[in-house]
Amino acid sequence: QVKWKGKDLFDLVCRTLGLRETWFFGLQYTIKDTVAWLKMDKKVLDHDVPTEEPVTFHFLAKFYPENAEEELVQEITQHLFFLQVKKQILDEKIYCPPEASVLLASYAVQAKYGDYDPNVHKRGFLAQEELLPKRVINLYQMTPEMWEERITAWYAEHRGRARDEAEMEYLKIAQDLEMYGVNYFAIRNKKGTELLLGVDALGLHIYDPDNRLTPKISFPWNEIRNISYSDKEFTIKPLDKKIDVFKFNSSKLRVNKLILQLCIGNHDLFMRRRKADSLEVQQMKAQAREEKARKQMERQRLAREKQMREEAERTRDELERRLMQLKEEATMANEALMRSEETADLLAEKAQITEEEAKLLAQKAAEAEQEMQRIKATAIRTEEEKRLMEQKVLEAEMLALKMAEESERRAKEAEQLKQDLQEARDSERRAKQKLLEITSKSSYTQCMNSSTTALPTDLPSFNLINESLSFDFKDTDMKRLSMEIEKEKVEYMEKSKHLQEQLNELKTEIEALKLKERETALDILHSENASRGSSKHNTIKKV
């Protein structure tokens, strides 16, 4: 609405997103090539917003946490930070070394695709994904397939991590990058030397324009007494009065206003972290723990259901395989039965033919016997006829003997064929019995299969020692807290030893493929810092 203030529009966006950790975010717009943030107590249309419609604002993280895992409570807050940091790394607004880029890419893939499945995530499934900064891709003689292979190898190790867990691991690694959460501004000191001012959650840092990784001077928030500006001149007064006041000039008054806004916001959050949580934050953290426990139980339940489903599918596949085997056995039994029936029919037919042949031979033998008797009766006529008759009788007897032997052999063969027929019929009966048993088993298997399948402020000055903040920068407790925080950082780095070993292994592996002539200034600076053993935290502590 026309009368709405910045807070009205901001609150509407936060309600739409379901976001309660609103203190990290803001609505950003661009005016005359300068970034600006919507003020909460000023009407939206009273800002120097562009006149053309529609007026575009970007909902972005304005302030960054020191420790994402401890400070970001809501899942939506973590997700928004993950999206913004990932885009800044891919757009090369945050420098990220190549080996860390591959590891971050693997967590981004885990957050998007879930657990790695070689049957689903086949070669080329990341071809259309933007996962690595173009600077990293151009620095090595490696094909997209080679990059995908290395990202997938780490992606496979993240099995079991939910989306929010993968995104938090991404942020835990990204927050240790030197340029993470730093807003850079071009400034000049009293001598006119060009420098860069960096504002982040830890304090103010002065950089050389050619080196955004390692600050030359740092002012932690707990060591700054006052920050103010007059026109384009900006003044930083340290808590220790022995230290000189640091003054510098910016290009525009609008830039000084923006710097002061960021200083106030970051300092307020710096103070809040070192006090007891408010009732609202305590409530959110309790709700987050309950929600995390509920999701953990839900994931365990889903894992059990998945395991049961996989077991049921394996049982079903086994039953289907067994059913196919029984069907094959039944088919083979049917074929054997048919062959047995055919054999029995052939044997029966052959036995019948043999019987007929035996009868015919017996009839011939009888006729031969009659002929022999007739010859004997007429053999007495003459001696010659007798002799001839005896010869014929002898021949007839031999013929009759042969006929009798043949008849006997045929009779035995017929008997043997009857026995073969009987055995064939027995074999047929046994085959029918086996087919009946297989049929009964098949019906039981189908029942088992069916049962198994059913399973399932625009302020010109800002005093950092205001009494309302109820915080004494001279108190030694703050230094002790700082030491404890540093100690926690060291412990965290020790726990990350295995991760560092993996990163060094990948760095060594791809070093041979690096094109030295394509190294950027930040690549060279990062290599020098790494060879000296410098990191973001010990560098800030040192300066």
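Structure's up top.
If you're wondering where the values come from, they're calculated on a predicted model, not measured in any experiment.

### Focus on the packing of helix H3 (residues 75–90) against helix H7 (residues 163–174)
Think of two packed helices as two axes; the pair is described by the angle between the axes and how far apart they sit.
So, step 1. Running from N to C, H3 and H7 cross one another at 50°; their axes reach a closest spacing of 9 Å. Taken together, H3 and H7 sit at an angle that is classed as oblique. Taken as a pair, H3 and H7 cross one another with a handedness that is left-handed. Together, Glu75, Gln78, His79, Phe81, Phe82, Val85, Lys86 and Ile89 of H3 and Arg163, Asp164, Glu167, Met168, Tyr170, Leu171 and Ala174 of H7 make up the contact between the two elements.
So, step 2. Each residue belonging to the contact of H3 with H7 can be placed in one class, and the counts come to eight nonpolar, two polar and five charged.

### A few points about helix H6 (residues 144–155)
So, step 1. Over its twelve residues, H6 runs 16 Å from end to end, which matches the ideal 16 Å to within 8%, given 1.5 Å per residue.
So, step 2. Of the positions making up H6, those classed as buried are Trp147, Glu148, Arg150, Ile151, Thr152, Trp154 and Tyr155.
So, step 3. Those residues of H6 that are buried lie in contact with helix H4 (98–113), helix H5 (134–139) and helix H12 (497–511).

### Some thoughts on the side chain of serine 218
So, step 1. Positionally, serine 218 belongs in strand S7 (residues 217–220).
So, step 2. Classification of serine 218 by relative accessible area gives buried; the value is 10%.
So, step 3. Polar contacts involving the side chain of serine 218 include one to the side chain of histidine 205, which spans 2.7 Å.

### Considering the packing of aromatic side chains
So, step 1. Within this structure, the stated rule accounts for 18 aromatic pairs.
So, step 2. On the basis of an interplanar angle of 75° and a centroid distance of 5.3 Å, the ring pair of tyrosine 64 and tyrosine 180 is categorised as edge-to-face. Of this pair, tyrosine 64 sits in the loop between strand S3 (58–61) and helix H2 (68–71) while tyrosine 180 sits in the loop between H7 and strand S4 (183–189); the two residues are 116 residues apart in sequence, bridging distant segments of the chain.
So, step 3. Look at tyrosine 64 and you get buried, because its relative accessible area is 6%.
So, step 4. Owing to a relative accessible area of 4%, tyrosine 180 belongs among the buried residues under this scheme.
So, step 5. Where phenylalanine 234 meets phenylalanine 248, the ring centres are 5.1 Å apart and the plane angle is 15°; that geometry is what we call stacked.

### Overview of the nonpolar core
So, step 1. In terms of nonpolar packing, the biggest core is built from 92 residues, with Val85, Ile89 and Leu204 touching the most fellow members.
So, step 2. Those residues in contact with valine 85 that lie beyond four places of it in its chain are Tyr64, Ile94, Tyr170, Leu171, Ala174 and Tyr180.

### Some points on unusual backbone geometry
So, step 1. Backbone geometry places glutamate 92, a non-glycine residue, at a positive phi of 65°.
So, step 2. Relative to the elements of secondary structure, glutamate 92 occurs in the loop between H3 and H4.
So, step 3. Despite not being glycine, aspartate 231 has its phi angle at roughly 55°, a positive value.
So, step 4. You can see aspartate 231 is positioned in the loop between strand S8 (224–230) and strand S9 (233–238).
So, step 5. A relative accessible area of 51% places aspartate 231 in the exposed class.

### Notes on the pairing of strand S10 (residues 246–250)
So, step 1. Of the two faces of S10, only one is covered, namely that formed by Phe246, Phe248 and Ser250; the face formed by Lys247 and Asn249 stays uncovered.
So, step 2. Alignment of S4 against S10, held across three bridges, turns out to be antiparallel. When the bridges of S10 are listed, asparagine 189 appears paired with phenylalanine 248.

Calculation rules
Residues numbered from 1 in each chain as written. Predicted model: local features only at pLDDT ≥ 70, side-chain atom pairs only at ≥ 80, totals over all residues. Heavy atoms only, no water. Axes fitted to C-alpha atoms, helices over the stretch in contact; angles between N-to-C directions. Helix = DSSP H or I, 4+ residues; strand = E, 2+ residues; numbered from the N terminus. Parallel < 35°, antiparallel > 145°, perpendicular 65-115°, else oblique. Left-handed = near helix turned anticlockwise from the far one by under 90°. Contact = heavy atoms within 4.5 Å. Nonpolar A, V, L, I, M, F, W, Y, C, P; charged D, E, K, R; others polar. Expected span 1.5 Å × (residues − 1). Buried < 20%, exposed > 50% of the residue type's maximum accessible area, 1.4 Å probe, protein only. Polar contact = N/O pair within 3.5 Å; in protein donor to acceptor, adjacent residues only side chain to side chain. Phe/Tyr/Trp six-rings, centres within 6.5 Å; stacked < 30°, edge-to-face > 60°. Core = buried A, V, L, I, M, F, W, Y, C linked by side-chain atoms within 4.5 Å. Pairing = 2+ DSSP bridges.

Bear in mind that shape data such as this cannot, by itself, settle questions of function.
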